[in-house]
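Commentary on secondary and tertiary structure
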Amino acid sequence: ESKTKKNTKWIVLDGIVDAEWIESMNTVMDDNKMLTLVSNERIPLTSSMRMIFEISHLKNASPATVSRAGVVFINESDLGWGPFKDKWLASRSDEKERTMLDNLFDRFVPTVFEQYHTNTKLRPVVSVMDINIVQTICFLMEGILNENKGLSRLPNFPEVIERYFAFAVIWAFGGPLSSDGRVDSRAAFSSWWRKEFAHVKMSDNLTVFDYFLDAQDYEWKPWSDLVSPYVHDSDEQLSSVTVPTADTVRMTQLMNFFVDNGKAVMLVGTAGTGKTNLIMSKLRTFKSDSILYRVIAFNAR
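Quick caveat: nothing in here was measured; it's all calculated off a predicted structure.

Turning our eyes to something else, we now look at the overall build of the chain. On a plain count of helices and strands, the chain comes out with 10 helices and six strands. Against the 2.2 N^0.38 benchmark of 19 Å for 301 residues, the chain shows a C-alpha radius of gyration of 24 Å, more extended than a compact globule. Taking the principal axes of its C-alpha atoms as reference, the chain extends roughly 70 × 50 × 45 Å. The long-range share in the chain, meaning contacts at least 24 apart out of those at least 6 apart in sequence, stands at 61%. Accessible surface computed for the chain: about 19500 Å², of which carbon and sulfur atoms make up 52%.

As a further point, take the environment of phenylalanine 298. Structurally, the position occupied by phenylalanine 298 is in the segment after α10 (275-283). Spatially, the C-alpha atoms of phenylalanine 298 and leucine 101 are 39 Å apart, while their sequence positions differ by 197 residues.

The next point concerns the side chain of glutamate 162. Take glutamate 162: it is sitting in helix α7 (residues 157-174). Look at glutamate 162 and you get buried, because its relative accessible area is 16%. Within the structure, glutamate 162 has its side chain in polar contact with the side chain of histidine 199 (distance 2.8 Å). When residues no more than four places from it in sequence are discounted, the contact partners of glutamate 162 are Leu104, Arg107, Phe108 and His199.

Moving on to a nonpolar patch on the surface. There is a patch of nonpolar side chains on the surface, built from Ile55, Leu58, Val66 and Val71 and spanning about 290 Å² of accessible area. Mapped onto the elements of the fold, isoleucine 55 is located in the loop between β4 (49-54) and α2 (63-67). For isoleucine 55, a relative accessible area of 30% corresponds to the partly exposed category.

At a minimum axis separation of 9 Å, helix α6 (residues 130-147) and α7 run at an interaxial angle of 140 degrees. It follows from the interaxial angle that α6 and α7 lie oblique. In terms of crossing hand, the pair formed by α6 and α7 is right-handed. Residues Ile133, Thr136, Ile137, Leu140, Met141, Ile144 and Leu145 of α6 pack against Ile161, Tyr164, Phe165, Phe167, Ala168, Val169, Trp171, Ala172 and Phe173 of α7. Residues of the contact of α6 with α7, tallied by class, amount to 15 nonpolar, one polar and no charged.

What counts and what doesn't
- For every chain, the first residue of its written sequence is number 1, and the numbers climb from 1 along that sequence.
- Two thresholds apply to this predicted model, a pLDDT of at least 70 for residue-level local features and 80 or more for giving and counting side-chain atom pairs, whereas whole-chain, interface and lining totals are computed over all residues.
- Heavy atoms from the whole structure form the basis of all side-chain values; hydrogens and water molecules are not counted.
- What counts as a helix is a DSSP run of H or I of at least four residues, what counts as a strand is a run of E of at least two, and both are numbered from the N terminus.
- For a compact globule the rule gives 2.2 Å times the number of residues to the power 0.38, and the radius of gyration it is set against comes from C-alpha atoms.
- Contacts were defined at the residue level, with two residues in contact if any of their heavy atoms lie within 4.5 Å.
- Residue exposure ignores everything except the shown protein chains as possible cover, and the areas themselves are Shrake-Rupley values with a 1.4 Å probe.
- Only protein chains enter the calculation, and the probe is 1.4 Å; a residue is then buried if its accessible area is under 20% of its type maximum, exposed if over 50%, and partly exposed in between.
- Nitrogen and oxygen atoms within 3.5 Å of one another constitute a polar contact, given that in protein one can donate a hydrogen and the other can accept it, and given that sequence-neighbouring residues count only through two side-chain atoms.
- The patches described consist of residues with a relative accessible area above 30% and no salt bridge, like charges being joined within 9 Å and nonpolar side chains (Val, Leu, Ile, Met, Phe, Trp, Tyr) within 5 Å.
- Salt bridge, as applied in this entry: a Lys or Arg side-chain nitrogen positioned within 4 Å of an Asp or Glu carboxyl oxygen.
- For every element, the axis is a line fit to its C-alpha atoms; helices are fit only across the contacting stretch, and the angle between N-to-C directions ranges from 0 to 180 degrees.
- For classification purposes, an angle smaller than 35 degrees is called roughly parallel, one larger than 145 roughly antiparallel, one from 65 to 115 roughly perpendicular, and anything else oblique.
- Two helices crossing with the near one rotated counterclockwise from the far one by less than a right angle form a left-handed crossing, whereas a clockwise rotation gives a right-handed crossing.
- Polarity classes work like this: nonpolar for Ala, Val, Leu, Ile, Met, Phe, Trp, Tyr, Cys and Pro, charged for Asp, Glu, Lys and Arg, and polar for all others, with Gly in that last group.

Okay, here's the thing in structure tokens:
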């Protein structure tokens, strides 16, 4: 079909350039457009086929590879997170909702980013790019709004949507922060947040990470209120038992906002912190006739 039609076929390779296989791509990118396999089999690319490599760096690429491709470097600050935010807002059908969310992005996100990049006490467990944080805000809000439909019809809609947005911003920025060791980054973030956004009223007894927004009265309440008493099931295997705590309830609810809307989740923590147990508990809630899952264990060694 590509030989007879003039429409262009694009092959997009997204990932890190590997030192071994990238050399075999040299003949593909030159005038021959021929891929030679280890078995000496040759696969030609037609004149209408084009290739795009979307990579983070060129550390493993040789000069021969680089010289065969046109290189376009895009810095994180060139486009920024604005286009993604605008695209996500455009996907929301409620105009009143879009207007409020756009205003909330302008009021909260730039201020928090400035503090996030300058405060040395805010140390994330893993490095997170700005666009990833904004994606998390959007995906969290998407999960919240899908779970609480019709918020725009509430008489106090501006106050409610602001509280939900504050919840999403707190976890998008504070979720990757460490709370272990000599520097408690989450406590430092919580202290700064209370001073900077004093109008977001929460009790001073706990950190901002210890509260959720109750869907009944839209007031801030501690996660411990959602912890139900543990009832032992003698038929259940001990390895699959989860005793509810404020932490497990909190992580499960946050995971639900993502997973139930088809978004990926990554849990980071040392061995024995309950990551596998939380994930398996969520997977067991899926109906087998609609969702199938497979567990694959990886060893970092």
